[in-house]
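# Close look at the chain arrangement
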Amino acid sequence: MVISSALIIWKGLIYITGSESPVVVVLSGSMEPGFKRGDILFLNMNKDPIRAGQIVVFNDGRDVPIVHRVIEVHEQRDSKEADILTKGDANPHDDRMLYTSSNRWLQRKYIMGRAVGFLPYVGWLTIIMTDKPII
Amino acid sequence: MHSFGYRLNGLLTFAVTILALMCVIASLSDNLNIPSPSAEIQIMNINWFQKQPKGSDEVSLRMNISADLQSLFTWNTKQVFIFVAAEYETRKNSLNQVSLWDAIIPAKERAKFWIRSSNKYRFVDHGKNLRGKEFNLTLHWHVMPKTGKMFADKIVMSGYSLPEEYI
């Protein structure tokens, strides 16, 4: 019962939010005290432009996506492409050192979604299952 | 049909469903709150304004920030993340937003404050466009709940400008 209803909710969320992974688990403490390890974030991805202050999930070719806040946006007048810089709330420095490409900025194509809501603690189930595959 | 496993499964599903419903209701109750925040930012001083060795303009400024954000807090609020960003346009970019300072307000009592600070993060342009530039200062807030939907909004304050020449 639990598994089938979870699956229905998951598929429903994918459809509603228009994102491939509508829910992510927070894996690090870089956004504390707002998000702690084990929290779940609900994502949304629409065509609205990325603006400073939004919490985005991005993956520029790394193992796990990162959930951080946008702190700088430089949007070009003609192409509407934007250069984006992010930083975790609890980190002293911005993410420039983390970006995998030699680019000093992120582009919209690396962003999987914006965090719009959250549930505490529920993500621990996923973390336990990946850390201890025996269960 | 009445084994321990089935009963536990049924009980767990019921409990999780009720919990999820409570979280949704808690989040919906945030919509009842109509916030009325206020803020004011003054630039006390431009500390320095230079062109970096590799070519971009950079400014350091000292600000006086006062705000009353107490009306943003509800019983379901864990913290409010606020930041001040400079917004301006240049010939090449229709919008530039650079975050200068941020803070976390953990409780309603701390939401009415007055602080003097230099910019925490470097105000660096994507070029050399800052001389004489007019810009807005925006105070953004992001209400992070104990559970549920996050709310974000901002106050835009305009009328600030940078000096015509490097200092």
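Residues numbered from 1 in each chain as written. Chains lettered and ligands numbered in written order. Predicted model: local features only at pLDDT ≥ 70, side-chain atom pairs only at ≥ 80, totals over all residues. Heavy atoms only, no water.

Attention now goes to the interface of chain B and chain A. Every contact between the two is made by 36 residues of chain B and, on the other side, 32 residues of chain A. For the pairing of chain B and chain A, the buried interface totals around 2700 Å² over both sides, and the portion due to carbon and sulfur atoms is 55%. The largest per-residue losses of area from chain B upon contact with chain A belong to Q97(B), H126(B) and M150(B), which jointly make up 20% of the total buried on that side. In this structure, the connection of chain B to chain A is made through one salt bridge. (Contact = heavy atoms within 4.5 Å. Buried area = accessible area lost by both parts, 1.4 Å probe. Salt bridge = Lys/Arg side-chain N within 4 Å of Asp/Glu carboxyl O.)

All names here are of chain B. Once the domains are mapped, chain B shows domain 1 (1-32) and domain 2 (34-161). Summarising the inter-unit geometry, the C-alpha centres of domain 1 and domain 2 are found 40 Å apart. Taken over both partners, the interface formed by domain 1 and domain 2 buries close to 630 Å², and the fraction arising from carbon and sulfur atoms is 49%. The largest per-residue losses of area from domain 1 upon contact with domain 2 belong to A26, S27 and D30, which jointly make up 61% of the total buried on that side. Remark: the boundary between domain 1 and domain 2 carries zero salt bridges. Residue composition of the side of domain 1 that touches domain 2, by class: three nonpolar, three polar and one charged. (Domains from an automatic or database assignment. Nonpolar A, V, L, I, M, F, W, Y, C, P; charged D, E, K, R; others polar.)

With the rule as written, the count across this model stands at seven aromatic pairs over all chains. With centroids separated by 5.9 Å and ring planes inclined at 80°, the aromatic side chains of F58(A) and Y99(A) adopt a geometry described as edge-to-face. Of the two residues, F58(A) sits in strand β3 (residues 55-58) while Y99(A) sits in the loop between β5 (82-87) and β6 (111-119), which places them 41 residues apart along the sequence. Y99(A) gets classed as buried once you look at its relative accessible area, which sits at 5%. Here F81(B) and F83(B) contribute two aromatic rings whose centre-to-centre distance is 6.3 Å and whose plane-to-plane angle is 50°, an arrangement assigned as tilted. Here F81(B) matches F83(B) in class, with each residue buried. Positioned over the ring face of F81(B) is R69(A), at 3.6 Å from the centre of the ring. Over the face of the ring belonging to W105(A) we find R96(A), whose NZ or CZ atom lies 4.5 Å from the ring centre. (Phe/Tyr/Trp six-rings, centres within 6.5 Å; stacked < 30°, edge-to-face > 60°. Helix = DSSP H or I, 4+ residues; strand = E, 2+ residues; numbered from the N terminus. Buried < 20%, exposed > 50% of the residue type's maximum accessible area, 1.4 Å probe, protein only. Lys NZ or Arg CZ within 6 Å of the ring centre and 35° of its normal.)

Next up on the list: unusual backbone geometry. Glycine aside, negative phi is the norm for most residues, and most peptide bonds take the trans geometry. In this chain, E32(A) is followed by P33(A) through a cis amide linkage whose omega measures -5°. Along the polypeptide, P33(A) turns up in the loop between β1 (23-25) and β2 (40-44).

Counted according to the given criterion, the structure contains six salt bridges over all chains. The shortest N-O distance in the salt bridge between D89(A) and R69(A) comes to 2.9 Å. Within this pair, whereas D89(A) is found in the loop between β5 and β6, its partner R69(A) is found in strand β4 (residues 66-76), the two being separated by 20 residues in sequence. Between E58(B) and R122(B) there is a salt bridge, and its shortest N-O distance comes to 2.9 Å. A residue pair is termed long-range when its members are at least 10 positions apart, and E58(B) in strand β2 (residues 57-68) and R122(B) in the loop between β5 (112-118) and β6 (123-124) qualify at 64 residues.

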